[in-house]
Amino acid sequence: MSLNIDNILKRVEKPARYIGGELNSAKKEMTEGMTRFCFAFPDTYEIGMSYLGMQILYHILNKEEDIFCERVFSPGLDMEQILRDEEIPLFTLETKTPICDMDFVGFTLQYELSFTNILNILDLSGIPLKREERDESCPIIIGGGPCAYNPEPLADIVDIFLIGDGEENLIQLFHEYQKSRHAGESREDFYKRAVKLQGVYVPKFYNPVYGENGLIERVDKLYEEAPDSVLRAIISDLDSVDFPVNPIVPFIETVHDRAVVETFRGCTRGCRFCQAGIIYRPVRERRTDLIEELAKKQLENTGHEELSLLSLSTSDYSQFEELATNLMNMCKKNNISLSLPSLRLDSFSFKVLEEIQGYKKSGLTFAPEAGSQRLRDVINKGITEENIYSSVEQALELGWKNIKLYFMNGLPTETFEDLDGIYEIASNIVDLNKKINGKGRFNVTVSVSNFVPKAHTPFQWMAQDSAEQFSEKHYYLKDKLRPIKGVTFNYHGTETSILEAVFARGDRRVSKVLIKAFELGCKFDGWTEHFKYDAWMQAFEETGVDKGFYTTRERNYDEILPWDIIDCGVTKEFLKKENEKAKKEETTQDCRKGCVGCGMNQHVTCRMEGING
């Protein structure tokens, strides 16, 4: 570390965010021909270090002799000011190398509101924001993660998008890079190699053409051998890929300070609003004994005092009872806390929760998502009122005093009668508690988020509610719930939901709004205290982009969608069929009961298909 960096670290809050050297972080001798990659998380260290995907890729890449994966996170505002004032380029944690000297900088795109932080990291590194302004002296900018499934809002900024599971295709990409460099090829030649790999999208080889009505007329291919559509990279067998048993242990407290093991990827439920439920299909489970072994080794290698399992729906693991019982025994024996998030309402194991939480019952969370059975059928949530009340009843009998309920506002076809259903559920739970436990401390928290239509879901064609509609619904619920004693009501801000919707379904034209907003000072948009809605509105006005075109407009099935170039494995025909079923309030079964024809099994074996049929 240079003297300058030592000096500035004394002047910032939480210097441990920038020093690296944590337990299990990588140290490598630089060799000729080594590919240097910087994994960039566009938010603070505390948030980024809690992201399992970073730990997985860091571990896998650093096992390769000729690849060195380092890290960078968005610096805090105090650190940023010092870097700018003293003209110090942003640097990696491992070797304090300026980011601009890396071969690749790879951003994980976890949420749309982190996009301005990507620009800030590039700017702090002295890297031009737009790809057409960068030359071969700049690192190649990569983007991956769920937001890459609609890459177009960042297509003028990112050089290469990696779609799908990253464990294998990042290594393949870097090996192609090494071959290209060894052959003395230009960067353009490398892109032509890269675009032939599964899961690789190179936006410079495609040019969307827009009609006078603003819709995409066609997409011209600028390199003949670029694929017509980019099929995502898929790991068919999770047991076959490495999982970190020695993750990095931060010096400071992070959002999730614990050992984590991913039990499976994918979901079979088919909720129609859920992008993750589509883009991570099919369900691929790790073996029970392997999960237990990974957990044991992680705990030994890190000293963590808490273990958590990760998946989209923990209790959907096919051997859940056996796994939970074994892990509870192991944790109890070693005085380790066990956390089981994302338990589903209809497959809930109170026995497990009772064992884990004992007398420390902090709160129990249910996510009915919609207030009425009609709307739950529209979204294919797959739970009934009986499921809700029988689960809550068990929870109350076992002594839980805080019940949290999650709903969404603005779901397609939603009416005020559906909102009344939210009131009725909260009210009935309060009455149920009085009946079972009498008077005494008890609270129901009703939290409402706003529906944001996402690419590659059955609702990708649907309109989002306007800001006025959202506000009307929020105030309606607030007034309705206020008289019920013991009910707390929270709702998500409308302004950020509108921005999320613009970038979730935006095309290349919205990138100029993003850049303008950044120039006007926007960053950390996911943080309430930093969010500048007025600056965003100014950015839309100055760039002439109509946000309503991307948010409140319903698309028809013939429209070319910006993300049509990406093949997530699930067919568009299936998504259309599901959208039509939603309009008729018809449900689709969990594919563990039998194949529902999503098309995923054309690419990979669906091992969970029909296991409960």
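Positions within a chain are numbered from 1, following the residues in the order the chain's sequence is written. Given that this is a predicted model, residues contribute local features only at a pLDDT of at least 70 and side-chain atom pairs are listed and counted only at 80 or more, while totals for whole chains, interfaces and linings are drawn from all residues. For side-chain calculations, the full set of non-hydrogen atoms in the structure is used, while hydrogens and water are omitted.

### Considerations on the nonpolar core
For step 1, the next point in the chain: As used in this record, nonpolar core signifies buried Ala, Val, Leu, Ile, Met, Phe, Trp, Tyr and Cys residues forming a set joined through side-chain atoms within 4.5 Å. Only protein chains enter the area calculation, which uses a 1.4 Å probe; residues under 20% of their type maximum are buried, those over 50% are exposed, and those in between are partly exposed. Judged by nonpolar contacts, the single largest core of 179 residues is most densely connected at Ile160, Leu173, Leu307, Val446 and Trp536.
For step 2, the next point in the chain: An automatic or database domain assignment provides the domain bounds reported here. Split by domain, this core shows at least three residues from each of two domains, domain 1 (5-231) and domain 2 (238-353 + 569-612).

### Comments concerning the side chain of Asp159
For step 1, the next point in the chain: In this description a helix means any DSSP run of H or I spanning at least four residues, a strand means any run of E spanning at least two, and both kinds are numbered starting from the N terminus. Note on placement: Asp159 falls in the loop between strand 4 (140-144) and strand 5 (160-162).
For step 2, the next point in the chain: In protein, a polar contact requires one atom able to donate a hydrogen and another able to accept it; more generally it is a pair of N or O atoms within 3.5 Å, and residues adjacent in sequence count only if both atoms are side-chain atoms. Among the polar contacts listed, one links the side chain of Asp159 to the backbone nitrogen of Ile141, at a separation of 2.8 Å.
For step 3, the next point in the chain: In this description, contact between two residues means that some pair of their heavy atoms is separated by no more than 4.5 Å. Every residue in contact with Asp159, bar those within four places of it in the chain, is listed here: Arg131, Arg134, Pro139, Ile140, Ile141, Tyr191, Tyr201, Val202 and Pro203.

### Here's the deal with the sheet that holds strand 6 (residues 200-201)
For step 1, the next point in the chain: The mixed open sheet is built from six strands, whose spatial order is 2-1-3-4-5-6. Whereas interior strands pair on both sides, the edge strands pair on one side only; in this sheet they are strand 2 (67-73) and strand 6.
For step 2, the next point in the chain: Across four bridges, the pairing between strand 1 (residues 35-41) and strand 3 (residues 104-108) is parallel. Paired with Phe37 across the strands is Phe104, a residue of strand 3.
For step 3, the next point in the chain: What counts as an axis is a line fitted to C-alpha atoms, over the stretch in contact for a helix, and the angles between N-to-C directions run from 0 to 180 degrees. Most of the contacts of helix 4 (residues 52-62) go to strand 2, to which it runs at about 155°, and overall it touches strand 1 and strand 2. Here a strand pair is declared whenever DSSP counts at least two bridges between the two strands.

### Notes on the domain arrangement of the protein chain
Reports often express the size of an interface as the amount of accessible area lost when the parts come together.
For step 1, the next point in the chain: In terms of domain boundaries, the protein chain breaks down into domain 1 (5-231) and domain 2 (238-353 + 569-612).
For step 2, the next point in the chain: The centre of domain 1, based on its C-alpha atoms, is set 27 Å off from the matching centre of domain 2.
For step 3, the next point in the chain: Listed as interface residues are 29 residues of domain 1 and, on the opposing side, 27 residues of domain 2.
For step 4, the next point in the chain: Ranking the residues of domain 1 by area buried against domain 2 places Asn24, Leu52 and His59 at the top, with a combined share of 21%.
For step 5, the next point in the chain: By definition here, a salt bridge exists when the distance from a side-chain nitrogen of Lys or Arg to a carboxyl oxygen of Asp or Glu is within 4 Å. There are four salt bridges connecting domain 1 and domain 2.
For step 6, the next point in the chain: Residues Asp242 and Lys63 are paired through a salt bridge, measuring 2.2 Å at the closest nitrogen-oxygen approach.
For step 7, the next point in the chain: Run the count over domain 1 and domain 2 and you get twelve residue pairs in polar contact (both at pLDDT 80 or more).
For step 8, the next point in the chain: Secondary-structure elements contributing two or more residues to the side of domain 1 that touches domain 2 are helix 2 (16-19), helix 3 (45-48), helix 4 and helix 7 (166-182).
For step 9, the next point in the chain: Sort the elements by how many residues they give to the side of domain 1 that touches domain 2 and helix 4 lands first, with six residues.
For step 10, the next point in the chain: Each residue receives one of three labels: charged for Asp, Glu, Lys and Arg, nonpolar for Ala, Val, Leu, Ile, Met, Phe, Trp, Tyr, Cys and Pro, and polar for the others, Gly being one of them. Looking at the side of domain 1 that touches domain 2 residue by residue, the classes come out as 13 nonpolar, seven polar and nine charged. When two parts are brought into contact, each loses some accessible area as probed by a 1.4 Å sphere; the total of that loss over both is the buried area.

### Re the environment of Glu417
For step 1, the next point in the chain: Among the structural elements, Glu417 can be located in helix 15 (residues 416-437).
For step 2, the next point in the chain: Take Glu417: its relative accessible area is 64%, and that puts it in the exposed class.
For step 3, the next point in the chain: Sequence separation between Glu417 and Lys512 is 95 residues, and the spatial gap between their C-alpha atoms is 40 Å.

### Observations concerning the pairing of strand 17 (residues 443-450)
For step 1, the next point in the chain: A large share of strand 17 lies buried, amounting to seven of its eight residues.
For step 2, the next point in the chain: Of the strand pairs in this sheet, strand 16 (residues 402-409) and strand 17 are connected by eight bridges, and their pairing is parallel. Residue Asn402 lies in a different strand from strand 17, and its bridge partner there is Asn443.
For step 3, the next point in the chain: Here the term right-handed applies to a crossover when the path leading from its first strand over the helix to its second strand runs clockwise, the strands being oriented away from the viewer. Crossover handedness for the path strand 16 to helix 15 to strand 17: right-handed.
For step 4, the next point in the chain: In terms of strand pairing, strand 17 meets strand 18 (residues 487-491) through five bridges, oriented parallel. Bridge assignment links Val446 to a residue of strand 18, and that residue is Phe489.

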